[in-house]
Amino acid sequence: MKIAFGCDHAGIKIKEQIIKFVESLGCQVIDCGTFSEQSCDYPDFAFKVADFVSKKTADKGILICGTGIGMSIAANKVKGIRAAVCWNKETAALIAQHNNANIICAGARFASADEICSWIKIFLETKFEERHLKRINKITEIEQK
Ligand code: RB5
């Protein structure tokens, strides 16, 4: 599986651990930055990751900022993207099962790298439940208006 990864300065401290972890799961990671601790703008990285996923150059995406919220707001502006914030193991599963999320977002200021890695593993391994397709189709309809 090909995974696009992006973070801002709030996520840079846990970036290396997350990328190594995702690679250890057998995934190929496209590193979209950021590449230093210098303050930067999360929408730039949200867009890069969302663009890879929307063009299907990556299967799924991971976005880390302080809260995960700014990244999700920005990534969801890109067609075909369902970027969802999670904050525990249950929500990591639900964003896949119910929302068919294609990007997981998390907040490095509110969770440890180990916690976020465990959520990423769950997200990548959990399947969408087809019974929710009608709702996902309604989201796609809104996007096309
Ligand atoms: C950066 O200070 C912070 O605003 C950003 O990482 C993120 O939490 C935004 O949602």
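What you are looking at is a predicted structure, and each value in this text was computed from that prediction instead of being measured.

Participant: What exactly am I supposed to notice about the environment of Ala10 here?
Facilitator: Relative to the elements of secondary structure, Ala10 occurs in the loop between strand 1 (2–7) and helix 1 (12–24). Overall, Ala10 belongs to the buried group, its relative accessible area being 14%. Taking the C-alpha atoms as reference points, Ala10 and Asp41, 31 residues apart in sequence, are found 10 Å from one another. Residue contacts for Ala10: discarding those within four places in its chain leaves Cys65, Gly66, Ala108 and Arg109.

Participant: Got a minute to help me understand the packing of helix 1 against helix 5 (residues 113–125) in this structure?
Facilitator: Helix-helix packing is characterised by the crossing angle of the two axes and by the distance between the axes. As a packed pair, helix 1 and helix 5 sit with axes 10 Å apart at the nearest point and diverge in direction by 35 degrees. Between helix 1 and helix 5 lies a crossing of right-handed hand. Only Ala113, Asp114, Ile116, Cys117, Ile120 and Lys121 of helix 5 make contact with helix 1, whose side of the interface consists of Ile14, Gln17, Ile18, Phe21 and Val22. Its residues assigned to classes, the contact of helix 1 with helix 5 comprises eight nonpolar, one polar and two charged.

Participant: Help me out: how do you make sense of the site of the ligand in this one?
Facilitator: Taken together, the residues surrounding the ligand are Asp8, His9, Ala10, Tyr42, Cys65, Gly66, Thr67, Gly70 and Arg109. Between the ligand and Asp8 there is a distance of 2.6 Å, counted from an oxygen atom to a side-chain nitrogen or oxygen. A distance of 2.8 Å separates an oxygen atom of the ligand from a polar backbone atom of Gly66. A total of 290 Å² of accessible area belongs to the ligand in isolation, and the protein chains cover 72% of it. Across the shell around the ligand, the residue classes break down as three nonpolar, four polar and two charged.

Participant: Help me out: how do you make sense of the pairing of strand 2 (residues 28–31) in this one?
Facilitator: Side chains on a regular strand alternate between the two faces of the sheet. Bridge count for strand 1 against strand 2 is four bridges, and the pairing is parallel. In the strand pairing of strand 2, Phe5 is matched with Asp31. Note on the crossover from strand 1 through helix 1 to strand 2: the handedness is right-handed.

Participant: Quick question: what am I supposed to make of the sheet that holds strand 2 here?
Facilitator: Remark on secondary structure: sheet strands pair via backbone hydrogen bonds, oriented parallel or antiparallel. Spatially, 2-1-3-5-4 is the arrangement adopted by the five strands of the open sheet, whose pairing is parallel. Each of the sheet's edge strands pairs with one partner strand only, and the pair in question is strand 2 and strand 4 (83–85). Between one strand axis and the next, the sheet turns by 25 degrees as a mean value, whatever way the strands run. With five bridges connecting them, strand 1 and strand 3 (residues 60–65) associate as parallel partners. If you follow Ile3 over to strand 3, its bridge partner there is Lys60. Of the strands in this sheet, strand 1, strand 3 and strand 5 (103–107) touch helix 5, which is tilted by about 165 degrees from strand 5.

Participant: Can you walk me through unusual backbone geometry in this structure?
Facilitator: Residues apart from glycine generally show negative phi values, whereas peptide bonds are mostly found in trans. Here the bond from Gly33 into Thr34 is cis, since omega is 5 degrees, no more than 30 degrees from zero. Within the fold, Thr34 resides in the loop between strand 2 and helix 2 (42–54). Backbone geometry places Asn100, a non-glycine residue, at a positive phi of 45 degrees. Looking at the element boundaries, Asn100 is found in the loop between helix 4 (89–97) and strand 5.

Rules used in this analysis
Residues numbered from 1 in each chain as written. Predicted model: local features only at pLDDT ≥ 70, side-chain atom pairs only at ≥ 80, totals over all residues. Heavy atoms only, no water. Helix = DSSP H or I, 4+ residues; strand = E, 2+ residues; numbered from the N terminus. Buried < 20%, exposed > 50% of the residue type's maximum accessible area, 1.4 Å probe, protein only. Contact = heavy atoms within 4.5 Å. Axes fitted to C-alpha atoms, helices over the stretch in contact; angles between N-to-C directions. Left-handed = near helix turned anticlockwise from the far one by under 90°. Nonpolar A, V, L, I, M, F, W, Y, C, P; charged D, E, K, R; others polar. Near = heavy atom within 4 Å. Polar contact = N/O pair within 3.5 Å; in protein donor to acceptor, adjacent residues only side chain to side chain. Areas by Shrake-Rupley, 256 points an atom, 1.4 Å probe, with all protein chains shown as cover. Pairing = 2+ DSSP bridges. Right-handed = clockwise from strand over helix to strand, strands pointing away.

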